[in-house]
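# An overview of the molecular structure
Take a look at the letters that make up each chain.
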Amino acid sequence: MVLDRVGDTSLLLDSQDVPPVLEDNAAGRSPFLLTCDHYGRSIPRILGDLGLPAAELTRHIAWDPGIAGVAEALSKHLDAHLIAQRYSRLVIDCNRPPDALSSIPRISEATLIPGNEGLAREAAELRRRAVFDPYHRRIGEVIDRRLRDTVPTVLVSLHSFAPVYAGIARPWHIGTLYHRDTRLPPLVLKLLRAEPDLVVGDNEPYAVSDETDYTIPVHGEARGLMNTGIEIRQDLIADRDGQSQWAERLARIFLETETMLRAQQLL
Ligand SMILES: [Zn+2]
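A brief report on the enclosed structure follows. (Residues numbered from 1 in each chain as written. Predicted model: local features only at pLDDT ≥ 70, side-chain atom pairs only at ≥ 80, totals over all residues. Heavy atoms only, no water.)

## Examining the side chain of Asp37
Tracing the backbone shows Asp37 in the loop between strand E2 (32-36) and helix H1 (54-57). No salt bridge is formed by the buried Asp37. Its closest oppositely charged neighbour is Arg96, at 7.3 Å. One polar contact links Asp37 to His159, side chain to side chain, over a distance of 3.5 Å. A polar side-chain atom of Asp37 sits 2.9 Å from a polar atom in the side chain of Thr215. The residues touching Asp37, leaving out its near neighbours within four places in the chain, are Gln85, Cys94, Asn95, Tyr135, Ser157, Leu158, His159 and Thr215. (Helix = DSSP H or I, 4+ residues; strand = E, 2+ residues; numbered from the N terminus. Buried < 20%, exposed > 50% of the residue type's maximum accessible area, 1.4 Å probe, protein only. Lys, Arg positive; Asp, Glu negative; His and termini not counted. Salt bridge = Lys/Arg side-chain N within 4 Å of Asp/Glu carboxyl O. Polar contact = N/O pair within 3.5 Å; in protein donor to acceptor, adjacent residues only side chain to side chain. Contact = heavy atoms within 4.5 Å.)

Pasting the structure below:
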């Protein structure tokens, strides 16, 4: 009988599985707190390959390709704390409310996920406890500490998007994603639009909502923090060169943003 052990995360993650939470630069002095919900594509060993061929587990349905390298380099350039999550969004999506159908998707884009079909409630709960909860608990703790210590905190949630989705090509190089924050996104948009070579999405290719997102509504909006999501098109950050160029560009833009926020006494 395993039901009495569902709170035991060792049932999903054993000593050979990596911890879900990865942190860089935890003592960083930047006001920007970076999160990366779709950083990794690890799968707990006990779940095998979720019934998918290897090619499916390396493409965008499994994670946000390229964003890990951007996030790590940006964290260094800005001296910013990065909190990232190593497990595939196909195990559990850390940017979906756990009660959303897309939390543990049975289908992603056009791919059926056999390992998620007919999942018992207890098995879904186990994934939440082992992966989703530790990640979001850590973000919450870090924000608690920063607020207690009156450290200025601006939440930036980093993502990448597929250049073509469901057969439709996307023209944007980068997009800002937001909902209730009216302070930060206009500044970031203004600076991005001043870059002569960029097609910039304003809440494109996605907008933030309480139904389809978790990190920004819960850790940004509900805590009263300025916040934005950043989405970078995956073909631009497919290799190390692209990742470091985009990290340098974003570091420059966020440092300018910080200067503007301080001038407006928002920090
Ligand atoms: Zn993402």
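## Quick notes on the environment of His173
Along the polypeptide, His173 turns up in the loop between strand E8 (168-169) and strand E9 (174-177). Owing to a relative accessible area of 17%, His173 belongs among the buried residues under this scheme. Discounting residues that sit within four places of it in the chain, His173 has contacts with Phe161, Asp197, Leu198, Val199, Glu231, Ile232, Arg233, Leu236 and Trp246.

## Focus on the coordination of the zinc ion
Within the protein, the zinc ion binds to His38 (ND1), Asp64 (OD) and His159 (ND1); these donor distances fall in the range 2.0 to 2.1 Å. Sequence spacing among the residues donating to the zinc ion works out to H-x25-D-x94-H. In this pair, His38 sits in the loop between E2 and H1 while His159 sits in strand E6 (residues 154-161), placing the two residues 121 residues apart along the sequence. With respect to class, His38 is no different from His159; both count as buried. (Donors = N, O, S within 2.8 Å, 3.2 Å for Na, K, Ca; no water.)

## Section: the packing of aromatic side chains
Counting across every chain of the model gives two aromatic pairs. Look at Phe132 and Tyr214: their rings are 4.8 Å apart centre to centre, the planes differ by 70°, and that puts the pair in the edge-to-face class. Taken together, the residues span a long stretch of sequence, with Phe132 in helix H3 (residues 121-148) and Tyr214 in the loop between strand E10 (200-202) and helix H5 (215-221) at a distance of 82 residues. Here the two residues Phe132 and Tyr214 agree in accessibility, since each one is buried. Directly above the ring of Trp63 sits Arg41, whose terminal nitrogen or CZ lies 5.1 Å from the centroid. It is Arg249 that lies over the ring of Trp246; its NZ or CZ is 4.9 Å from the centre. (Phe/Tyr/Trp six-rings, centres within 6.5 Å; stacked < 30°, edge-to-face > 60°. Lys NZ or Arg CZ within 6 Å of the ring centre and 35° of its normal.)

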